[in-house]
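Below are the chains, spelled out letter by letter.
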Amino acid sequence: MNDEGREQEVPRETARRVLQAAAVEAFGRPGVYVTRESVMGRAAMADLLLFVRIAKYLESEGWIGEADADYGMFTVTVEGLDEAMR
């Protein structure tokens, strides 16, 4: 069941889990750099391509920032911390 038209959609629950994992890795502080590996580990993710899609989505929402090109390091914004706590 591969729906090509939906390949760019991001699973919302997985995105939420990634954002929450990043917030925990940042110790709940905005602007603290976190690594992709630590966030993926905490969020129990193994799919790098899915992680990058989710990170792009989180960045477009303004919930993460200061990311390098492959999201190897990034920060969680104040808005991202607020969203992670909802």
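Above this text is the structure in question.
Small disclaimer: the values here were computed from a predicted structure and weren't measured.

**Side note on the side chain of Thr 14**
Here comes step 1: Counting through the fold element by element, Thr 14 comes out in helix H1 (residues 12–25).
Here comes step 2: Using a relative accessible area of 14% as the deciding quantity, one classes Thr 14 as buried.
Here comes step 3: Look past the residues within four positions of Thr 14 in its chain and what remains in contact with it is Met 45, Leu 50 and Ile 54.

**Considering the pattern of salt bridges**
Pairs may arise between side chains of opposite charge once their charged atoms sit close together.
Here comes step 1: Going through the model one piece at a time under the given rule, you end up with five salt bridges.
Here comes step 2: The salt bridge involving Arg 42 is made with Glu 25; its shortest N-O contact spans 2.6 Å. With Arg 42 in helix H2 (residues 36–42) and Glu 25 in helix H1, the pair connects residues that are 17 residues apart, well separated along the chain.
Here comes step 3: Residue classification places Glu 25 among the partly exposed residues on the basis of a relative accessible area of 22%.
Here comes step 4: Taken together, the shared-partner salt bridges connect Arg 16, Glu 83 and Arg 86 into one network.

**As for H1**
Here comes step 1: Over its 14 residues, H1 extends 20 Å from the first C-alpha to the last, a length consistent with the 20 Å expected when each residue adds 1.5 Å.
Here comes step 2: Where H1 is buried, its residues touch strand S1 (33–35), H2, helix H3 (48–60), strand S2 (64–65), strand S3 (73–76) and helix H4 (78–84).
Here comes step 3: Just past H1, the residue Phe 27 takes up positive phi, approximately 55°.

Procedures and definitions
Residues numbered from 1 in each chain as written. Predicted model: local features only at pLDDT ≥ 70, side-chain atom pairs only at ≥ 80, totals over all residues. Heavy atoms only, no water. Helix = DSSP H or I, 4+ residues; strand = E, 2+ residues; numbered from the N terminus. Buried < 20%, exposed > 50% of the residue type's maximum accessible area, 1.4 Å probe, protein only. Contact = heavy atoms within 4.5 Å. Salt bridge = Lys/Arg side-chain N within 4 Å of Asp/Glu carboxyl O. Expected span 1.5 Å × (residues − 1).

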